[in-house]
Amino acid sequence: MTAHTIAQAVIKGEVTARAIVEACLARIAQQDPKLNAFTKVTAERALTHADAIDARRRLGGQLGPLAGVPFAVKNLFDVEEVVTLAGSKINADNLPSGADATLVRKLEAADAILVGALNMGEYAYDFTGENAHYGPSRNPHDPDRMAGGSSGGSGTAVASGMTPIALGSDTNGSIRVPSSLCGLFGLKPTYGRLSRYGTYPFVSAFDHLGPMARSVTDLALAYDAMQGRDAADHAQTERAIEPVTPALTQGLTGLRIARAAGYFDKGGEPEAHRAVETVMNALGAAASVDVPEAGRGRAAAFLITMAEGASLHLDRIRTRQNDFDPEVKDRLIAGAMVPAAWINQAQKFRTWYRAQVLKLFETTDVIIAPATPCFAPHIGQKIMSLAGVDMPVRANLGMFTQPFSFIGLPVAAAPIWLDGAPLPIGVQIIGAPWREDIVLRVAHHLETIGAARAPIANA
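Draft legend 1. Fine view of the overall build of the chain. Within the chain, the secondary structure is distributed over 14 helices and 15 strands. In terms of C-alpha radius of gyration, the chain reaches 20 Å, essentially the compact-globule figure of 23 Å for 459 residues. With the C-alpha coordinates of the chain rotated into their principal frame, the extents come out at 60 × 60 × 45 Å. Sorting the 459 residues of the chain into buried and exposed places 62% on the buried side. Considering only intrachain contacts with a sequence separation of at least 6, the fraction spanning at least 24 residues in the chain is 78%.

Pasting the structure below:
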């Protein structure tokens, strides 16, 4: 059942919230031993919340738009009485959180029900969904393959039907990569749109939070419930709530749609570019735009990520370096040695690059680009061939996502099943700042006409 279907059934009294949660917990017990999505299941909390919702309904009280809908969160979100691991061995020594993250509270205020915390790449520095301490999150479409990262547990939980909604974070592509590999809809909102309070940071300049789901309506309902100013997050923009759910069915009339050319035409395997072509044909669009210096944008994103990540973890590297995933540790140490002049240049370039990309939206409303350069690689795979060139898997699954998160644009991921393909692959739907409504309208249209779909995988 989708989140929307569950909520409507609970609101109408066709099913109890407790029954929904019990079914959800049973599926987690069945599926998770094979897939490794959860690091903590909050069963008692979930059932208590479900009973409170059912009691309120019996008394004639009003229920929220996500009434009875189970959800789970990447374990960098604070959950009261749960240790915020952020995928690390080191954080396991910390005390449990004393309060929920803002977005957890907002979803529960809409009567969604938290069922647990999800596996992720260590400190979110990952594109594969593999964790050296807690094991890899597995792709429900083929458990021998990666779920993508760093929100790998979020992708696994939703694609397998363990939860209809999960929250992830996206610094360089960590919502869009697992959405692509696991065959889901995902949303990276505009930078500063949703509160980040109560979450473990990675790169403050790029960190976004957002939902993943199997339908665009579910994505929109979750996103709308999480909007709103939070004074505790000083990086959040002062902006009124702008609901997107009512706009989903407005169609494409008047929208100017183009594919990203240049950098985005190269480097990926044929399936990545076929997915974009499939979407453009489905949308009846043929225009293209060249995103200027996107390759340099990705390089600058790498530099800033390395340096800011290293700064955050420098004390832990000095005192507990043997407790890091060796690959994460090596990149953090490298980041600590990046010359300050390089970071200064990268930040200056970022300002210029953002201005150039925003000019594209003077003549275009939506840009379509690949989400990942290939189908999901195998777990443990270190090298992949992209356009005939051997490339490291971990660094390059985000080659198409980084140029957009780098400048904070809103992006929806949509899952495409190519004819005869054994696995899904995603496309990005990119909009101008604050136009989440437009990118979700396009995603909803693709879903409605059957060009994008997110079926449950039974591993």
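Draft legend 2. Here's a closer look at the pattern of salt bridges. Scanning the model with the defined rule gives 23 salt bridges in all. In this structure, the salt-bridge partner of Arg 193 is Glu 436, at a minimum N-O distance of 2.9 Å. Of this pair, Arg 193 sits in the loop between strand 7 (185–188) and strand 8 (208–213) while Glu 436 sits in helix 14 (residues 436–448), and the two are 243 residues apart along the sequence. Arg 256 is the partner of Asp 365 in a salt bridge, and the nearest nitrogen-oxygen pair spans 3.1 Å. With Asp 365 in the loop between helix 11 (340–360) and strand 11 (366–370) and Arg 256 in the loop between helix 7 (216–226) and strand 9 (257–261), the pair connects residues that are 109 residues apart, well separated along the chain. Take Asp 365: its relative accessible area is 16%, and that puts it in the buried class.

Draft legend 3. Spatial organisation of the sheet that holds strand 14 (residues 411–416). Sheet architecture is open: 11 strands sit in the order 1-3-2-6-8-7-14-15-11-9-10, paired in mixed fashion. Each of the sheet's edge strands pairs with one partner strand only, and the pair in question is strand 1 (38–41) and strand 10 (287–290). Averaged over all neighbouring strand pairs, the angle between strand axes comes to 30°, with direction disregarded. Here helix 3 (residues 43–58) sits on the sheet in contact with strand 1 and strand 3 (113–118), set at roughly 165° to strand 3. Of the strands in this sheet, strand 6 (165–170), strand 7 and strand 8 touch helix 7, which is tilted by about 145° from strand 8.

Draft legend 4. Seen up close, the packing of aromatic side chains. In this structure the tally under the stated criterion is 11 aromatic pairs. Summarising the aromatic geometry, the rings of Tyr 125 and Phe 202 are spaced 4.9 Å apart at their centres and angled 50° between planes, so their arrangement reads as tilted. Here Phe 202 lies in the loop between strand 7 and strand 8 and Tyr 125 lies in the loop between strand 3 and strand 4 (138–139), a separation of 77 residues in the sequence. Judged by its relative accessible area of 7%, Tyr 125 falls in the buried class. On the basis of relative accessible area, Phe 202 is assigned to the buried category, the value being 4%. With 5.7 Å between their ring centres and 75° between their planes, Phe 206 and Phe 406 make a pair best called edge-to-face. Placement of the pair is Phe 206 in the loop between strand 7 and strand 8 and Phe 406 in the loop between helix 13 (402–405) and strand 14, with a sequence separation of 200 residues.

Draft legend 5. Broad picture of helix 9 (residues 294–320). For helix 9, with 27 residues, the first-to-last C-alpha span of 36 Å sits near the 39 Å given by 1.5 Å per residue. At His 313, helix 9 shows its maximal kink, close to 60°.

Draft legend 6. Molecular detail of the pairing of strand 9. In terms of burial, strand 9 is a largely internal element, four of the five residues being buried. Across three bridges, strand 9 lies against strand 11 in parallel orientation. Note that in strand 11 the partner of Ala 258 across the bridge is Ile 367. Looking at chain direction, strand 9 and strand 10 are connected through four bridges and run parallel. Residue pairing across strands places Ala 261 opposite Asp 290, the latter belonging to strand 10. In this fold, the crossover linking strand 9 to strand 10 by way of helix 8 (residues 270–283) has right-handed handedness.

Draft legend 7. Spatial organisation of the environment of Ala 395. By secondary structure assignment, the location of Ala 395 is in helix 12 (residues 393–396). Separated by 15 residues in the primary sequence, Ala 395 and Pro 410 place their C-alpha atoms 22 Å from one another. Among residues more than four places away in sequence, those in contact with Ala 395 are Phe 127, Arg 298 and Phe 302.

Draft legend 8. Quick peek at helix 14. Compared with an ideal rise of 1.5 Å per residue, which puts 13 residues at 18 Å, helix 14 spans 18 Å between its outermost C-alpha atoms and is within 8% of the ideal. Among the 13 residues of helix 14, 10 are classified as buried, and the element is accordingly described as predominantly covered. Among the residues of helix 14, those classed as buried are Glu 436, Asp 437, Ile 438, Val 439, Leu 440, Arg 441, Val 442, Ala 443, His 444 and Leu 446. Contact partners of the buried residues in helix 14: strand 7, helix 7, helix 8, strand 11, strand 14 and strand 15 (425–431). Downstream of helix 14 by a residue or two, Gly 450 has a phi angle that is positive, lying close to 85°.

Draft legend 9. Looking closely at the nonpolar core. Within the largest apolar cluster, 151 residues are counted, with the highest numbers of intra-cluster contacts made by Leu 66, Ile 368, Ile 429 and Leu 440. Among the elements that make up this core, the one with the highest residue count is helix 7 (eight residues). Among residues more than four places away in sequence, those in contact with Ile 368 are Ile 257, Ala 258, Arg 259, Ala 260, Val 276, Val 279, Met 280, Leu 283, Val 427, Gln 428 and Ile 429.

Draft legend 10. Broad picture of the environment of Leu 76. In this fold, Leu 76 is placed in the loop between strand 2 (70–74) and helix 4 (102–109). Each C-alpha atom, one on Leu 76 and one on Ala 205, is 17 Å from the other, the two residues being 129 residues apart in sequence. Setting aside residues up to four positions removed in sequence, Leu 76 forms contacts with Thr 84, Ala 86, Met 120, Ala 124, Ser 169, Gly 198, Thr 199 and Tyr 200.

Draft legend 11. Highlighting the packing of helix 4 against helix 7. It is at 8 Å that the axes of helix 4 and helix 7 come closest, and there the two elements cross at 110°. As summarised for this structure, helix 4 and helix 7 are arranged roughly perpendicular, according to the angle between their axes. Viewed along their axes, helix 4 and helix 7 form a crossing whose handedness is right-handed. Along the contact surface, helix 4 presents Leu 103, Lys 106 and Leu 107, while helix 7 presents Ala 222, Ala 225 and Met 226. Classifying every residue of the contact of helix 4 with helix 7 gives five nonpolar, no polar and one charged.

About the cut-offs
- Residues numbered from 1 in each chain as written.
- Predicted model: local features only at pLDDT ≥ 70, side-chain atom pairs only at ≥ 80, totals over all residues.
- Heavy atoms only, no water.
- Helix = DSSP H or I, 4+ residues; strand = E, 2+ residues; numbered from the N terminus.
- Rg over C-alpha atoms; globule rule 2.2 N^0.38 Å.
- Buried < 20%, exposed > 50% of the residue type's maximum accessible area, 1.4 Å probe, protein only.
- Contact = heavy atoms within 4.5 Å.
- Salt bridge = Lys/Arg side-chain N within 4 Å of Asp/Glu carboxyl O.
- Pairing = 2+ DSSP bridges.
- Axes fitted to C-alpha atoms, helices over the stretch in contact; angles between N-to-C directions.
- Phe/Tyr/Trp six-rings, centres within 6.5 Å; stacked < 30°, edge-to-face > 60°.
- Expected span 1.5 Å × (residues − 1).
- Bend = angle between axes of the 7 residues up to and from the residue.
- Right-handed = clockwise from strand over helix to strand, strands pointing away.
- Core = buried A, V, L, I, M, F, W, Y, C linked by side-chain atoms within 4.5 Å.
- Parallel < 35°, antiparallel > 145°, perpendicular 65-115°, else oblique.
- Left-handed = near helix turned anticlockwise from the far one by under 90°.
- Nonpolar A, V, L, I, M, F, W, Y, C, P; charged D, E, K, R; others polar.

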